[in-house]
Amino acid sequence: MKFSALDLAKPLEQAIFACGYEDMTPVQSQSIVHARRGKDLLVNAQTGTGKTAAFAIPVLQQMLDTPKGTQAKAPRALILTPTRELAEQLAQTISKYAQFTTLTVTAFYGGVKLTGQASKLNQGVDILISTPGRLLEHIALNHLTLAQVEFVVLDEADRMLDMGFISDVLNIVERTSEKRQTLLYSATSSPAVNELCHKILNNHKEIRVSKVNAAADTVKHVIYPVEESRKIALFNALFKEHNWFQVLVFTSTKEQADRLMQGLKASKVPAAVCHGDKRQGARRRAIADFKSAKLQVLIATEVAARGLDVQGLDYVINYNMPYLAEDYVHRIGRAGRAGNAGHAISFVSREEERSVERIESLIGEKIERIVKPGFEVSDRKSLLRSVSKHRKPHKSNKASKTVISKKKR
Ligand code: AMP
């Protein structure tokens, strides 16, 4: 279905043309018509499906249908999202869609001064994008009222719940107009998401764009079994061998991210790290440099990279396997977006094999394993046998307990 069939307001048609979009993505063709009529929606859609336009276009259209003029401290639309990066990315994308209107779009998140954000509210923000915590800080300081919010979007609702924002989200939504329209987007479905829908949606329509809890069909999954200590060497070997142009690499911890960064510095690959210990400016720069292809490798931890809109990404590397299978689906959502094929490559140590089982059962697919010569994982049982053969006999627990109890006396 083409955007031109929607008969949108001229400034929106112009913006869509400027973005180069012609055909709607599935999430757009299924949600825009209903959302434009004011219907509450629960949409199960992954990152990279075009879901931002799917909610932004109908909200903008309705705001243009009933113009009210920008008011100080009283936004008309509120979009809640779990992370700073996602908030910023949404603001950039939605600003593009609103560029030919007079509507103002702003993103709020923690880590920056409240005063600058408060003065923006005084000037008037029509569409406010925020992380829940930062919005509550502004509410506590009476910097704004949500009573005139007519449109509420919960972006990545499942993630907000995982991050423990449930009571914050409910607290915020309850402050908005009872007549509001609520659009809830979630990549995965769970009892917690269903409960949230029950509490805040009104006679909603459910839209499922991808299989529930399924990874994007366009992604090819591959696993390289490897010892944890050999992962940097494996990364360097594959990077050279496949001549990867750009890769997004996920690590589980900041330390692993920093260690890999050190390893890449040595091999002079242009790379940057994006994790919670990095200052906001450095994270923003890293993402911008990666997007403009100045960097070939962006190393990120889960939370920092959540929902990054990095386009045309062919490869996502799981340097460490995520503990939660759902996080695997979120991570690889950056590959194969908007119909392009992508590759999800996972480095799996023995300790991470359990995560693989969970992921395979979630995505309903056995992942292909490639054993790279020179990086084989030694067999755990034989390793343990050889260790125990050479281990010196040591005192039993019983003996050491006796020593301790004697000392105590
Ligand atoms: P999103 O899921 O909203 O993060 O969008 C993923 C990517 O798809 C973004 O880079 C958008 O600019 C792009 N996109 C969204 N809608 C369309 C469309 N109808 N045609 C082509 N690209 C699109």
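Residues numbered from 1 in each chain as written. Predicted model: local features only at pLDDT ≥ 70, side-chain atom pairs only at ≥ 80, totals over all residues. Heavy atoms only, no water.

Some points on the sheet that holds strand 6 (residues 181-186)
Here comes step 1: Pairing is parallel across the open sheet formed by seven strands, whose spatial order is 3-4-2-5-6-1-7. A single partner strand is all that each edge strand has here, and the edge strands are strand 3 (105-108) and strand 7 (205-208). Each neighbouring strand pair of the sheet contributes to a mean axis angle of 15°, computed without reference to strand direction.
Here comes step 2: Bridge count between strand 2 (residues 77-80) and strand 4 (residues 127-130): four bridges; the pairing is parallel. Pairing of leucine 78 across the sheet is with leucine 128, part of strand 4. (Pairing = 2+ DSSP bridges. Helix = DSSP H or I, 4+ residues; strand = E, 2+ residues; numbered from the N terminus. Axes fitted to C-alpha atoms, helices over the stretch in contact; angles between N-to-C directions.)

A word on the side chain of threonine 131
Here comes step 1: As for its position among the elements, threonine 131 is in the loop between strand 4 and helix 6 (132-140).
Here comes step 2: Accessibility expressed as a relative area gives 9% for threonine 131, which makes it buried.
Here comes step 3: Contacts of threonine 131, omitting those with residues within four sequence positions, involve Thr81, Pro82, Thr83, Arg84, Phe108, Tyr109 and Gly110. (Buried < 20%, exposed > 50% of the residue type's maximum accessible area, 1.4 Å probe, protein only. Contact = heavy atoms within 4.5 Å.)

Some words on the side chain of serine 355
Here comes step 1: Residue placement: serine 355 occurs in helix 15 (residues 353-363).
Here comes step 2: Excluding its chain neighbours within four sequence positions, the residues that come into contact with serine 355 are Met321, Pro322 and Tyr323.

Quick word on the pattern of salt bridges
Here comes step 1: Tallying each qualifying case throughout the model produces 22 salt bridges.
Here comes step 2: For aspartate 327, the salt bridge is made with arginine 159, and the minimal N-O distance between the two is 2.5 Å. Taken as a pair, aspartate 327 in helix 14 (residues 325-332) and arginine 159 in helix 7 (residues 157-162) lie far apart in primary sequence, 168 residues in all. As far as burial versus exposure is concerned, aspartate 327 and arginine 159 are alike and both buried.
Here comes step 3: Between aspartate 289 and lysine 294 there is a salt bridge; the shortest N-O distance is 3.6 Å.
Here comes step 4: Accessibility expressed as a relative area gives 60% for lysine 294, which makes it exposed. (Salt bridge = Lys/Arg side-chain N within 4 Å of Asp/Glu carboxyl O.)

Some details on the sheet that holds strand 10 (residues 271-274)
Here comes step 1: Ordered in space as 10-11-9-12-13-8-14, the seven strands form an open sheet in which the pairing is parallel. What marks the edges here is a single partner per strand, and that holds for strand 10 and strand 14 (368-369).
Here comes step 2: Here seven bridges tie strand 8 (residues 219-225) to strand 13 (residues 342-348), and the two strands are oriented parallel to one another. Considered in strand 13, the bridge of lysine 220 is made with histidine 343.
Here comes step 3: Contacts from helix 14 reach strand 8, strand 9 (247-251), strand 12 (315-318) and strand 13 within the one sheet, and its direction differs from that of strand 12 by about 150°.

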